[in-house]
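What the coordinates show
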Amino acid sequence: MLLEEQEYALVARATQRDADAFSQLYRLYFDRIYRYARLKLANDADAEDLTSAVFFNAWRMIDRFSPRGDTSFAAWLFRLAHNALIDRYRRERTMVSLDDDHPPLTPAEILPGPDVLLEKRMTLTELRDALQTLTEEQREVVLLRFVEGLSAREVGDIMGKQEGAVRGMQFRAIEALRRALGQGGGSIL
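Report on the accompanying structure. For every chain, the first residue of its written sequence is number 1, and the numbers climb from 1 along that sequence. Owing to the predicted nature of the model, reporting of local features is limited to residues with pLDDT of at least 70; listing and counting of side-chain atom pairs is limited to 80 or more, with chain, interface and lining totals taken over all residues. Values reported for side chains reflect all heavy atoms of the structure, with hydrogen atoms and water molecules removed beforehand.

With that settled, consider the environment of Trp-59. For the purposes of this entry, the term helix denotes a DSSP run of H or I that reaches at least four residues, the term strand denotes a run of E that reaches at least two, and both are numbered from the N terminus. By the element assignment, Trp-59 lies in helix H3 (residues 44–61). For each residue, the accessible area found with a 1.4 Å probe, counting protein chains only, is set against the maximum for its type, and the residue is called buried under 20%, exposed over 50%, and partly exposed in between. Taking the relative accessible area as the measure of exposure, Trp-59 reaches 28% and is therefore partly exposed. A sequence separation of 45 residues divides Trp-59 from Ala-14, and the C-alpha atoms of the two residues are 8.3 Å apart. The contact rule is simple, with two residues in contact once any of their heavy atoms fall within 4.5 Å. Beyond its immediate chain neighbours, meaning those up to four positions away, Trp-59 contacts Ala-14, Arg-17, Asp-18, Ala-19 and Phe-22.

What follows covers the nonpolar core. Within the largest apolar cluster, 39 residues are counted, with the highest numbers of intra-cluster contacts made by Val-54, Phe-73, Trp-76, Leu-77 and Leu-144. When contributions to this core are tallied by element, the ones reaching two or more residues are helix H1 (2–15), helix H2 (19–40), H3, helix H4 (73–92), helix H7 (136–147), helix H8 (152–159) and helix H9 (163–180). With 10 residues, H4 is the largest single contributor of residues to this core. Once you skip the residues sitting within four places of it in the chain, Val-54 turns out to touch Ile-33, Leu-77, Leu-80, Ala-81 and Ala-84. Throughout this description, the term nonpolar core refers to a set of buried Ala, Val, Leu, Ile, Met, Phe, Trp, Tyr and Cys residues connected via side-chain atoms within 4.5 Å.

Right, let's get into H2. Taking 1.5 Å as the rise per residue, H2 with 22 residues should run 32 Å; its terminal C-alpha atoms sit 29 Å apart, in good agreement. Of all the bends in H2, the greatest, near 50°, is centred on Tyr-29. Polar contacts, as counted here, are pairs of nitrogen or oxygen atoms within 3.5 Å of one another; within protein the pair requires one atom able to donate a hydrogen and one able to accept it, and residues that are adjacent in sequence qualify only if both atoms are side-chain atoms. Measuring from the backbone nitrogen of Asp-20 back to the side-chain oxygen at the start of H2 gives 3.0 Å, which picks out Asp-18 as the cap. To estimate how far a helix should extend, the number of its residues minus one is multiplied by 1.5 Å. Here the bend at a residue is taken as the angle between two axes, fitted respectively to the seven residues that end there and the seven that start there.

A word on the pattern of salt bridges. Salt bridges, as used here, are contacts in which a Lys or Arg side-chain nitrogen is within 4 Å of a carboxyl oxygen on Asp or Glu. On inspection of all chains with the given rule, the structure shows 14 salt bridges. Note that Arg-13 and Asp-18 form a salt bridge whose closest N and O atoms lie 2.9 Å from each other. Close ionic contact of Arg-167 with Glu-163 constitutes a salt bridge, the shortest N to O distance being 3.0 Å. Note that Arg-167 and Glu-163 are positioned in helix H9 at a spacing of four residues, about one turn of the helix. Taking the relative accessible area as the measure of exposure, Arg-167 reaches 44% and is therefore partly exposed. Here the salt bridges share partners, and the residues they tie into one network are Lys-40, Glu-136, Arg-139 and Glu-140.

Looking at the element boundaries, Met-169 is found in helix H9. Met-169 gets classed as buried once you look at its relative accessible area, which sits at 7%. Spatially, the C-alpha atom of Met-169 lies 8.9 Å from that of Val-142, the residues being 27 residues apart in sequence. Contacts of Met-169, omitting those with residues within four sequence positions, involve Glu-137, Gln-138, Val-141, Met-159 and Lys-161.

Written out as structure tokens, the structure reads:
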């Protein structure tokens, strides 16, 4: 709870254009936004560029941020990242690639949680292949929920969907992953 209060105070200061507060938020969230971008883009340089653009836009628009309901600063940043990716894809007219062009992620690059269970049961290559069987929205839900650890409500805010719709996509995505991985009834997530 103390961390949430400290973050709230930093966000309040940052919305008043306090550069020091924003730089602390930057340090707090940089790795998560970068990891999200890296999982969606083909190389480190593109992920770094997108992450920089997200934080530039966040600073530019910080005075417009206001928590509404359960929308956190993290969800707002991921929404900016999501929108930046969509803009990039529209400009380049390319599809998201989760193929072997991506170097294997190190354990330090992956947050502990449900994804650790996946790592123990399969290689990242198998996971990437299985993720390719999902729709783009299902992949987005899996990455945000299980890699980034966001709540269904936060993912809904990022994707512009209702929490129930996110949970439905998550359920269908997990079932599709189980089928793709040959794990019919067993639990992988």
